[in-house]
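Understanding the architecture of this molecule
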Amino acid sequence: QVQLVESGGGLVQAGDSLRLSCAASGRTFSNYAMGWFRQAPGKERELVAAISIYGTSKSYATSVRGRFTISRDNAKNTVYLQMNSLKPEDTAVYYCAAGTVFNNINDYWGQGTQVTVSS
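In this text, all values refer to a predicted model and were calculated from it rather than measured experimentally.

This structure, assessed with the given rule, holds two aromatic pairs. Aromatic side chains Tyr 32 and Tyr 108 sit 5.9 Å apart centroid to centroid with 80° between the ring planes, which places their arrangement in the edge-to-face category. Taken together, the positions of Tyr 32 in the loop between β3 (18-26) and β4 (33-39) and Tyr 108 in strand β10 (residues 108-109) put the pair 76 residues apart, joining distant regions of the chain. For the pair Tyr 32 and Tyr 108, a shared accessibility class is recorded, and that class is buried. Seen from the ring of Tyr 95, Arg 45 lies directly overhead, with NZ or CZ sitting 3.9 Å from the centre. Between the NZ or CZ atom of Arg 72 and the centre of the ring of Phe 29, over which it lies, the distance is 4.4 Å.

Conventions we followed
- Residues numbered from 1 in each chain as written.
- Predicted model: local features only at pLDDT ≥ 70, side-chain atom pairs only at ≥ 80, totals over all residues.
- Heavy atoms only, no water.
- Phe/Tyr/Trp six-rings, centres within 6.5 Å; stacked < 30°, edge-to-face > 60°.
- Helix = DSSP H or I, 4+ residues; strand = E, 2+ residues; numbered from the N terminus.
- Buried < 20%, exposed > 50% of the residue type's maximum accessible area, 1.4 Å probe, protein only.
- Lys NZ or Arg CZ within 6 Å of the ring centre and 35° of its normal.

This is how it looks when you write it as structure tokens:
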């Protein structure tokens with residue numbers, strides 16, 4: 001089992017920045033690709049960003065590319081999502097996930113953290 005705990009969400013204004021963190025415990029963190037997903041009210045959960053085991057591969061949703069950056073620190077068992085130039089449409093609950101397959105990260109999930117961007 002892998003336990004994931006997100007932090008760093010909050011209420012910000014459009015144009016502001018936030019950094020989300022996801023701390024992992026349990027099995028070896030560096031065995032898993034990691035992803036950030038989000039779900040807005042009335043919408044399906046979507047992949048925002050993903051990072052491979054050693055951080056050599058990253059992928060981003062088109063809507064966040066150039067504004068968000070995913071990174072990981074395997075020594076700290078933590079994955080981050082730096083979010084810049086936030087927009088109201090970024091408002092959602094953000095979830096951290098871990099998986100053994102980079103293109104299908106869904107083995108373990110955190111409880112989510114709310115990000116609200118006001119206009």
